[in-house]
Structure formats: C-alpha cells, structure tokens
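Reading the structure
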Amino acid sequence: MSDVNALQRDAMLAPGLALLRRARRDGERSLLYFYVVAAALSVWIAHYPPLGDVPQHAAQVALALDLLQGQSRWDQVVTFNFFTPYLIGYGLMGLFAQVMSMASAVKLVLSLSVLGFFWAASTLRRRFEAPAFLDWLLLAGFFGFAFKWGFVTFLLAAPIGIFFILKSLDFVEDSSIRRGMVLALIGVLLFFSHGLVFVACVGIGFCYAVLGISSWRMAVVRLLPFVMLGILTLIYLRFSRDVAAQTTEAQPFVLEWTPRRVVRFFRYQWDTALRARLMPGYVLNCLAYALFYLTPFLMGMRLRLTLRRAIPFAVMLVIGMVAPHTAMTTGFIYERFALFLMPFYVLLFAPADGPLPAWHERMRLLVLLAVPTILLAMTASRSWGYFKFNREIRDFREVMSVIPPQQRVLSLIMDKYSRAADNPHTYLHFPAWYQAEKRGFVDANFAQWLPQIVRFRPGEARVQSPFEWKPYRFDWVKHRGEQYDYFVFRSVSRMFPTFQGVPCEIRLVASAGPWAVYHRRPDSCTTAPSGGAGVKQVQGAPAAAPDPQRAAVPAGAGERLRGSAADGVALPGSAQAAIAWAASRTSSGPR
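One structure accompanies this document, and this report is about it. Residue numbers here run from 1 along each chain, matching the order of that chain's written sequence. Under the rules for a predicted model, residues below a pLDDT of 70 receive no local features and side-chain atom pairs below 80 are neither given nor counted, while totals for whole chains, interfaces and linings still include all residues. Excluding hydrogens and water, the side-chain values take into account all heavy atoms of the structure.

Re the overall build of the protein
Numbered from the N terminus, helices here are DSSP runs of H or I no shorter than four residues, and strands are runs of E no shorter than two. Looking only at helices and strands, one finds 16 helices and 16 strands in the protein. Note on classification: 1.4 Å probe, protein chains only; a residue is buried when its accessible area is under 20% of the maximum for its type, exposed when over 50%, partly exposed between these limits. Split into buried and exposed, the 591 residues of the protein put 57% on the buried side. Taking contacts inside the protein between residues at least 6 apart in sequence as the whole, the part at least 24 apart equals 80%. On the protein, roughly 24700 Å² of surface is accessible, and the fraction owed to carbon and sulfur atoms is 64%. Contact criterion: two residues are considered in contact whenever any of their non-hydrogen atoms come within 4.5 Å of each other. Accessible areas in this description were obtained via Shrake-Rupley with a 1.4 Å probe; residue shielding takes into account the shown protein chains only.

Okay, structure coming up:
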C-alpha cells in the first residue's frame with residue numbers, strides 16, 4: 001500500500017518538478033544572455049577603450065576616409081591600399097563613423113565582435129551536441145590577450161572564422177558545387193577580415209574536407225574551394241613581396257619557442273604579460289580558469305575524443321606550440337589564438353549517460369552556482385576598471401584639447417601602463433586618438449605596415465617600430481624633428497623633457513598629470529643640427545624605486561633623453577625607469 005501511495009505521490013509531483021526544472025533552466029539561460037550582453041556593452045563605459053592598438057586602428061580608418069573623400073592633408077605622405085586583409089573591419093568602422101564618433105564606431109565593432117563570437121561559438125557547440133551549460137565558458141578567453149591588445153580586426157574576424165568552420169561541416173555532409181562556391185565566398189570574406197584567422201579556420205575546414213574522401217570526383221569537389229582560397233593567398237603573398245612593409249628595424253620572423261610556451265598560451269586567455277606575476281589577482285585567475293577547464297568533469301559530462309570533435313582544439317594546440325611569435329613583420333601571432341581555446345575545448349564533451357550519484361549531483365549544483373558567479377564578477381571588475389579609466393584619462397583629454405586639427409604629432413610615451421585598466425599596453429599608441437578625431441597625423445604610425453589600409457609612400461616612414469617602445473631614442477636628424485608641429489609626452493613621474501641643441505623653438509604649451517604637450521613654433525627653425533640632437537633632460541635627480549610592471553631603460557639611454565622637473569615635482573634618476581615590460585623586445589608589426 002505504501003508503494004502505491006509513493007507512486008501516486010510521485011505522479012502528482014512529476015508535473016511540478018518538471019516545471020521547476022524548466023524554470024531553473026530558463027532562468028539560467030536568461031542569466032547567461034544577461035552576462036553576454038553585459039560583457040558586450042561594458043566597452044561603452046570608457047570614453048576611449050583602454051586597449052593597446054585600438055587608437056591606431058581608429059586612426060587608420062579616419063585617415064582612409066579623408067583620402068577617399070579627397071580631404072586629406074597627408075596625401076603626399078600616405079597612399080590608399082585596397083588589398084588589405086583588414087578591409088571588412090575597417091569598412092564597418094568607417095561606415096559607423098558616418099553617424100557617430102570614431103570612438104563610438106570602434107566600441108560598436110567591439111560589441112558586435114563579442115555578440116558574434118558568442119553566437120558563432122554557441123552554434124558550433126550545438127552542432128556537436130555538447131551540453132548547453134558549457135555556453136557559459138565560450139567568452140571566458142575572449143577578453144584576454146587579443147582583447148587587451150586591441151586587435152580589433154582579429155576579434156571581428158573570429159566569429160566569421162567559426163562560421164566558416166560551420167559551413168565547412170555543411171559542405172562535407174553535402175559536397176555539392178553550389179555549397180563549395182558558397183564556402184569559397186565565405187572564405188574570401190574571412191580573408192578580407194583578417195589573414196591569421198583565415199589561415200587557421202581554413203586549415204580546420206580543410207581537415208574536415210579531406211576526411212572520408214572515397215573517390216577522385218569527391219576529392220575534386222571537396223578540395224576545389226580550398227584551392228581557390230589558396231590561389232588568393234598566393235596572390236597576396238606575391239603582393240607582399242612586391243610591396244614590402246616600410247620598416248627596416250622590426251624583426252621579420254621570430255619563433256620564440258620555449259618549454260613554458262604552452263603554459264603561457266593557456267594563460268593568455270586572461271593575461272598579456274610574458275612572465276607570470278605572482279599577485280593575488282593572478283593567482284585567483286589561475287584558480288578560476290582551472291575550474292573552467294574542470295567544469296565538464298565536475299558536472300559528470302562524458303569526454304568524447306572523436307577525430308571530428310578534436311580537430312579544432314588540436315589545431316589550436318598546434319598553433320600554441322609551433323606557430324611563430326612574428327612572421328612577415330606581424331607580431332604576437334600564436335598568442336592571440338588563445339581566445340579560441342575554450343570554444344573548441346567544449347566540443348570534446350557530451351551529456352552524461354544517466355543519473356549521477358548523489359555526491360556528484362551536489363558537486364554539479366556547486367559548479368552551476370560558481371561558474372556564472374565568477375564570470376559575472378569578472379565582467380563587473382572589468383567594467384569598474386573602465387569606469388576608473390575615465391578619470392585616469394581626464395588629463396589626456398585636457399592637454400590634447402590645445403592641439404588644433406590637422407597637425408603632425410610625435411608621440412613620446414615613456415609610461416604605457418594603465419593602473420585603472422590594469423593593462424601594460426594601454427598608452428602605447430594612445431595619442432593616435434588625435435589622428436582619429438582631429439584629422440591630424442601621429443607618429444609612430446601603423447601606415448608603415450604591409451596589411452594596413454593606408455600605407456606610407458616610399459621613403460616617408462622615418463619613425464619606425466620599435467620607436468614607440470623606446471622613445472628615448474628620438475634623434476632630431478634621423479626622425480626629422482622639424483616636420484612635427486607638436487610633441488606629446490607621458491611620464492607618470494612628470495619627468496618632462498627639455499629640447500636642447502635643436503634648431504627650432506619648442507615650448508611647453510600644456511601639462512596635466514603625467515601628460516605634457518610641446519609646440520614647435522612655425523618658421524622658427526634654423527640650420528639643421530648635427531646627428532644626435534634631440535630631447536634632453538636635466539641630470540642629477542635622486543633615483544626612484546623601480547616599478548615592478550616595467551623594465552629599466554637600457555644602458556646609455558639617458559644620454560638621449562634626460563629630464564626636467566615640472567611643477568616642482570622631484571624627478572627619478574638620470575634615466576627614466578618607466579618603460580613598459582616589453583621595451584627590451586622588438587615590436588613586430590600590426591595586430
């Protein structure tokens with residue numbers, strides 16, 4: 001009798017329990033979508049995104065628009081380049097800039113990149129029938145290395161690359177000529193979005209295409225779109241040989257293989273530093289990402305290592321282990337692909353076979369609570385950093401307001417680190433916002449690099465990378481100091497320069513916080529100085545404690561750049577010790 005009563009009770013409770021499970025599932029998905037939208041909108045909090053290369057990309061778009069409209073003052077210095085793998089990203093930014101500010105246009109592209117990446121990765125997850133809860137992990141690596149460096153076109157191309165993989169799977173299931181042509185067209189779109197994403201995702205698609213080929217006819221049909229995309233690649237490589245990047249100082253190829261490289265590759269999902277920083281935030285991130293990778297196991301999901309599921313993640317591991325750091329003067333090649341690790345990792349798992357033991361069910365509930373909580377906390381922390389960044393850049397906006405439009409500016413950034421954004425590269429190219437908003441021209445400039453939509457005319461790239469990392473190497477003659485109307489300087493210690501031995505009258509016109517702007521008085525230049533004249537600083541100030549986020553200036557640098565106190569602030573030692581962590585590394589091109 002008791003068994004009958006129990007069965008009746010279970011039958012009565014079953015609809016209610018099913019409703020509760022559905023409500024919990026719907027609530028979890030609603031919270032997930034809130035998290036994705038919040039992550040996408042967080043970039044709008046800061047007036048300028050605190051991301052390393054973003055100012056240069058915005059400056060490229062502004063310069064390209066002026067050239068197309070015939071309004072550029074710099075058409076004798078630069079020329080337009082339509083054959084660029086950044087065409088789609090720059091085109092979207094240029095389109096949005098017609099109805100909003102350039103900063104807003106860049107932020108809109110970044111937001112669309114976040115949303116597009118989540119949609120594409122979630123669609124791929126559903127294609128492989130991986131558990132739905134793993135959608136929470138898809139954006140876990142998006143805001144790491146590539147994002148903090150501001151690789152805008154790479155971020156925008158990432159969802160297009162995943163979409164290409166999806167269409168490759170469709171093409172393998174139905175290998176028709178029509179679907180092959182559609183795949184080739186998507187590949188062309190991907191090529192003009194970003195070359196590196198193109199190579200990686202077309203490579204994954206090719207691996208799927210060669211699986212299961214059983215006849216010559218099938219081989220021809222399946223490989224035809226990839227042959228067409230290969231021809232496009234060869235044409236671009238020939239173009240790159242004929243029109244080389246106009247830099248003689250950056251290293252064209254760097255492998256940089258070390259045994260710790262794979263560990264660093266996984267760390268680049270949240271970090272940008274070459275060396276681990278044993279600080280509380282770093283340790284917490286390590287624990288959080290360890291939890292993310294253990295989540296499928298803790299929730300009782302099955303690991304299914306089929307070749308079809310493993311190909312994308314395996315390709316990313318190969319890139320992380322053997323791809324170069326620099327090639328064709330393009331830097332940070334393998335590091336940026338860390339954002340694909342988590343979306344491809346979740347493809348390896350399938351739902352549990354049956355009911356879980358009681359202890360495993362309790363563990364599953366803890367993970368269901370912990371993972372969303374951690375990811376939402378990360379988004380809130382990043383958003384708070386952007387809010388503080390607005391206060392941090394007030395001084396920048398104040399001093400830049402004194403520079404009139406259409407001037408040529410030299411950027412001399414000694415301190416590149418932003419404490420508010422916790423990003424060691426934020427200010428590397430920050431003065432390029434002047435070029436993006438006031439139609440001026442700022443050196444060092446991305447126009448020296450091969451893939452850019454606007455490139456220097458031959459002989460015009462006098463200020464070349466890695467100058468932006470080592471501004472103390474400024475030489476008046478070598479860098480043609482007389483061509484600059486303004487000089488923008490950043491030093492947290494307010495170790496502002498004096499211009500000694502130069503043939504022009506240069507005076508300080510604005511300073512606020514760590515920023516200073518100097519103006520070259522028009523028609524004040526006399527006979528050119530001998531080589532080595534440039535920015536000097538007063539010696540003899542007391543030494544300052546080194547910043548752990550930065551590397552010391554190389555020996556002898558103080559002979560070119562020495563300091564003078566501003567507003568009565570004491571100076572650090574005779575040579576500025578505020579070069580960012582990568583100052584001793586050679587910068588290698590566009591991102």
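Having put the structure on the table, let's press on.
Topic: the pattern of salt bridges
For salt bridges, the criterion is a side-chain nitrogen of Lys or Arg within 4 Å of an Asp or Glu carboxyl oxygen. The full count for this structure, using the stated rule, is 15 salt bridges. In this structure, the salt-bridge partner of Arg127 is Asp170, at a minimum N-O distance of 2.7 Å. In this pair, Arg127 sits in helix α4 (residues 102–127) while Asp170 sits in helix α6 (residues 152–173), placing the two residues 43 residues apart along the sequence. You can call Arg127 partly exposed: its relative accessible area is 24%. Linking Asp443 and Arg408 is a salt bridge whose minimum nitrogen-to-oxygen distance equals 2.9 Å. One end of the pair, Asp443, is in strand β7 (residues 441–443); the other, Arg408, is in strand β6 (residues 408–413), with 35 residues separating them in the sequence. Neither residue differs from the other here; Asp443 and Arg408 are each classed as buried.

Structural notes on the sheet that holds β7
Note on sheets: strands pair through backbone hydrogen bonds, and any given pair is parallel or antiparallel. Taken in spatial order, the five strands make up an open sheet running β7-β6-β9-β12-β11, and their pairing is mixed. Across the chains shown, the open sheet's two edge strands, defined by having one partner strand only, are β7 and β11 (506–512). Taken pair by pair, the neighbouring strands of this sheet meet at an average axis angle of 25°, ignoring direction. Being paired, for any two strands, means DSSP has found at least two bridges between them. Examined bridge by bridge, β6 and strand β9 (residues 486–490) share five bridges and lie parallel to one another. By the bridge assignment for β9, Val409 is matched with Tyr486. For every element, the axis is a line fit to its C-alpha atoms; helices are fit only across the contacting stretch, and the angle between N-to-C directions ranges from 0 to 180 degrees.

Digging into unusual backbone geometry
For the bond running from Asp443 to Ala444, omega is 0°, close enough to zero to count as cis. With respect to the helices and strands, the residue Ala444 is situated in the loop between β7 and β8 (454–456). Going from Ser465 to Pro466, the amide bond is cis rather than trans, its omega being 15°. Topologically, Pro466 is positioned in the loop between β8 and β9. Positive phi, normally seen in glycine, also occurs at Glu129, with a value near 60°. Mapping Glu129 onto the fold places it in the loop between α4 and α5 (145–148).

Comments concerning the state of the cysteines
Note on disulfides: each one is a pair of cysteine sulfur atoms within 2.5 Å. The final tally for this structure, using the stated rule, is one disulfide. The partner cysteine of Cys504 in its disulfide is Cys525, sulfur to sulfur 1.8 Å. One disulfide, between Cys504 and Cys525, carries an S-S torsion of 105° and so falls in the right-handed class. Placement of Cys504 in the loop between β10 (495–500) and β11 and of Cys525 in the loop between β12 (515–520) and β13 (534–536) is noted, with a sequence separation of 21 residues between them. Looking at Cys504, the relative accessible area reads 8%, which means it is buried.

Focus: the packing of helix α3 (residues 87–96) against α6
It is the contact of α3 with α6, at a shortest axis distance of 9 Å, that shows an interaxial angle of 105°. As far as their axial angle goes, α6 and α3 are roughly perpendicular. Contacts between α3 and α6 involve Ile88, Gly89, Tyr90, Leu92 and Met93 on the former and, on the latter, Val152, Thr153 and Leu156. Only Asp, Glu, Lys and Arg are considered charged in this grouping, and only Ala, Val, Leu, Ile, Met, Phe, Trp, Tyr, Cys and Pro are considered nonpolar; every other residue, Gly among them, is considered polar. Here the residues of the contact of α3 with α6 are counted per class, giving six nonpolar, two polar and no charged. Geometric relationships in this document are graded by angle, where less than 35 degrees denotes roughly parallel, more than 145 denotes roughly antiparallel, 65 to 115 denotes roughly perpendicular, and other angles denote oblique.

As for the layout of surface pockets
Of the pockets and cavities examined, the largest pocket occupies roughly 900 Å³. Here a cavity denotes a set of grid points, spaced 1 Å apart and computed over the protein atoms alone, in which a 1.4 Å probe fits but from which it cannot get out, and a pocket denotes an open set meeting protein on both sides within 12 Å along at least five of seven lines; residues with an atom within 4 Å of a point are reported as lining. If you go around the largest pocket, you meet 39 residues; those closest to its centre are Lys148, Trp270, Asn285, Ser381 and Asp422. Elements with a minimum of two residues in the lining of the largest pocket: α5, α11 (280–298) and α14 (358–392). It is α14 that provides the largest number of residues to the lining of the largest pocket, a total of 11 residues. Here the lining of the largest pocket is built from residues that sort into 23 nonpolar, nine polar and seven charged. Grid points are joined across faces, edges and corners, and a volume is the space filled by probe spheres set on the points.

Regarding α14
Under the convention used throughout, the expected extent of a helix is 1.5 Å for every residue step, that is, one less than its residue count. Its 35 residues give α14 an end-to-end C-alpha distance of 51 Å, which sits within 8% of 51 Å, the value for a rise of 1.5 Å per residue. Regarding α14, the residues found buried are His360, Val367, Val371, Pro372, Leu375, Thr379, Arg382, Ser383, Gly385, Tyr386 and Phe389.

Thoughts on the packing of aromatic side chains
Any Phe, Tyr or Trp ring, taking Trp's six-membered ring, that has another such ring centre within 6.5 Å forms a pair; planes under 30 degrees apart are called stacked, those over 60 apart edge-to-face, and the others tilted. Under the defined criterion, the tally for this structure stands at 58 aromatic pairs. Taking 6.2 Å as the distance between ring centres and 50° as the angle between the ring planes, the aromatic pair formed by Phe83 and Phe192 counts as tilted. With a gap of 109 residues between them, Phe83 in the loop between β1 (78–80) and α3 and Phe192 in the loop between α7 (177–191) and α8 (195–210) connect regions that are remote in the sequence. Residue Phe192 is classed as buried on the basis of its relative accessible area, which comes to 17%. Each residue in the set Phe117, Phe142, Phe143, Phe147, Phe154, Phe337, Phe340 and Phe344 is aromatic and connected to the rest through ring pairs, giving one cluster. Note on geometry: a ring has a charge over it if NZ (lysine) or CZ (arginine) is within 6 Å of the ring centre and within 35 degrees of the ring normal. When the ring centre of Tyr334 is taken as origin, the NZ or CZ atom of Arg261, which lies over that ring, is 3.7 Å away.

Thoughts on the pairing of β12
Most of β12 is tucked away: six of the six residues are buried. Burial along β12 is two-sided: Trp515, Val517 and His519 facing one way and Ala516, Tyr518 and Arg520 facing the other are all buried. Two elements, β9 and β12, share five bridges in a ladder whose sense is antiparallel. For Phe489, the partnering residue across the bridge sits in β12 and is Ala516. Two strands pair when backbone bridges link them, and β11 and β12 are joined in this way by six bridges, in the antiparallel orientation. Along β12, the bridge assignment pairs Arg507 with His519. Linking β11 back to β12 in an antiparallel pair, the connection comprises two residues, with Gly513 at a positive phi of about 55°.

Some details on helix α2 (residues 54–68)
In a regular helix each residue adds 1.5 Å, so 15 residues correspond to 21 Å; α2 covers 21 Å between its end C-alpha atoms and thus fits that length. Of the residues trailing α2, Gly70 is marked for its positive phi of about 70°.

Quick word on the packing of α4 against α6
Two elements in contact, α4 and α6, have axes whose closest approach is 8 Å; the angle formed by their N-to-C orientations is 25°. Regarding the angle of α4 to α6, the classification is roughly parallel. In the crossing of α4 with α6, the sense of the turn from one axis to the other is left-handed. Residues Val109, Leu110, Ser113, Gly116, Phe117, Trp119, Ala120, Ala121, Thr123, Leu124 and Arg127 of α4 pack against Val152, Leu155, Leu156, Ala158, Pro159, Ile162, Phe163, Ile165, Leu166, Leu169, Asp170 and Glu173 of α6. By residue class, the composition of the contact of α4 with α6 is 17 nonpolar, three polar and three charged. Each crossing is labelled by how the near helix is turned from the far one, with a counterclockwise turn of less than a right angle marking it left-handed and a clockwise turn marking it right-handed.

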